[in-house]
Amino acid sequence: MKACIVGAGAIGAFIGARLAAAAQCEVSAVARGATLDALRRHGWRLQDGERLLQAPAQAVDAPGALGPQDLVVIAVKGPSMPQVARSIAPLLAPRTIVMPAMNGVPWWFVQGIEGIGEAPLQSVDPGGVVSRAIARGHVLGCVVHASASRVEPGLVRVHQGRRLIVGEPAGGASERVEGVARLLEGAGFEVERSAAIRRDIWYKLWGNMTVNPVSAITGATADRILADADVREFCAAAMREAAAIGARIGCSIDETPEDRQRVTAKLGAFRTSMLQDAEAGRAIELDAIVGAVAELGRRTGVAAPNVNALLGLTRLFARVRHLYPG
């Protein structure tokens, strides 16, 4: 079996290093710049506690050098996805599985949902570029519940978690889900087979769609955000709107925002991924995390003034700092 990691950043290298070390399949990577050089020089490197996991890496800068794959894991930032979609055709055979391991709402999310139309979400797939390049039949949904960071190009540190949820976009069980789940389990991941992957994606998004952008704007860690009663209530109001949108698209949430905030508070003073990107001067993934929720609010007719305010404030913050296009 051939597996390719497109985007060997924190999550991509986390998955790639474990797959390569397990030696159950032939693992390659499409990378660029310093990351490409590091993979070629040192191979996969994953710091997990006191253990440094290493494995040889076949790394290229162009998908055409690899040819068709059985599994393609896409682990890039959302803004890079249109460019990636246009370039990965050489990796795709008729039965290739494409599994995006990315933050927020993926490009395929609205396909097949009744009542809101088949038009791609412009926030995550402007002009439908990604949908045209990667047919829905290739896609396997994935939710990552793990925290990892890049220490330096090609070296990733795991902070906590190794849980992955995989499932068919249309729901239900399948041989594809089982095959990928077994492969990932063999690499040391805790894998859940989901019969409703859209709901799992929406639930994770619902939990981090407010703290992430608020942390970027304010520079505050999660504990300080949730300790401020006014900010906490603003976040809860946006979460209630997102829950109402989710109910319209078959992604109901049973918890209250306050329930979820208590869970988040237990994680302590952590720095969100969006805060880390903002501090490092990297483009932030605003569209997939907040923009898509606002767009789905408009398409479902659910009023979401707090989500819209959060989107507008974060977008302005990021544009002033050249972290968001415009």
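Up top is the structure these notes are about.
What you are looking at is a predicted structure, and each value in this text was computed from that prediction instead of being measured.

Is there a simple way to explain the sheet that holds strand S7 (residues 97-100) in this structure?
Sheet strands pair by backbone hydrogen bonding; their relative direction is either parallel or antiparallel. If you trace the 5 strands from one edge of the open sheet to the other, you get S5-S2-S1-S6-S7, paired in parallel fashion. Only two strands of the sheet have a single neighbouring strand rather than two, namely strand S5 (58-60) and S7. Strand-to-strand twist across the sheet, computed as the mean angle between neighbouring axes with direction ignored, equals 20°. Where strand S1 (residues 2-6) and strand S6 (residues 71-74) come together, 4 bridges link them in parallel fashion. Within S6, the residue paired with Cys4 across the bridge is Val72. This element, helix H1 (residues 10-22), spans S1, strand S2 (26-30) and S6 of the sheet and lies at about 155° to S1. Against the sheet, helix H2 (residues 33-42) makes contact with S2 and S5, and its axis sits at roughly 155° relative to S5, the strand it touches most.

Mind showing me how you'd approach the packing of aromatic side chains here?
A full pass over the atoms with the stated rule returns 4 aromatic pairs. Ring centres 6.3 Å apart and planes at 45° place the aromatic pair Trp108 and Phe109 in the tilted group. Taken as a pair, Trp108 and Phe109 share a single burial class, namely buried. Taken together, the ring pairs connect Trp108, Phe109 and Trp202 into an aromatic cluster. Directly above the aromatic system of Phe109 lies the positively charged group of Arg198, at a separation of 5.9 Å from the ring centroid.

Where do I start with the pairing of S2 in this structure?
Looking along a regular strand, one sees the side chains alternate between the two faces of the sheet. Where burial is concerned, most of S2 is hidden: 4 out of the 5 residues are buried. Of the pairings in the sheet, the one linking S1 to S2 comprises 5 bridges and is parallel in character. Looking across to S2, one finds that Ala3 is bridged to Val27. For the crossover that starts at S1, traverses H1 and ends in the parallel S2, the hand is right-handed. Across 3 bridges, S2 lies against S5 in parallel orientation. In the strand pairing of S5, Val30 is matched with Val60.

Rules of the game
- Residues numbered from 1 in each chain as written.
- Predicted model: local features only at pLDDT ≥ 70, side-chain atom pairs only at ≥ 80, totals over all residues.
- Heavy atoms only, no water.
- Pairing = 2+ DSSP bridges.
- Helix = DSSP H or I, 4+ residues; strand = E, 2+ residues; numbered from the N terminus.
- Axes fitted to C-alpha atoms, helices over the stretch in contact; angles between N-to-C directions.
- Contact = heavy atoms within 4.5 Å.
- Phe/Tyr/Trp six-rings, centres within 6.5 Å; stacked < 30°, edge-to-face > 60°.
- Buried < 20%, exposed > 50% of the residue type's maximum accessible area, 1.4 Å probe, protein only.
- Lys NZ or Arg CZ within 6 Å of the ring centre and 35° of its normal.
- Right-handed = clockwise from strand over helix to strand, strands pointing away.

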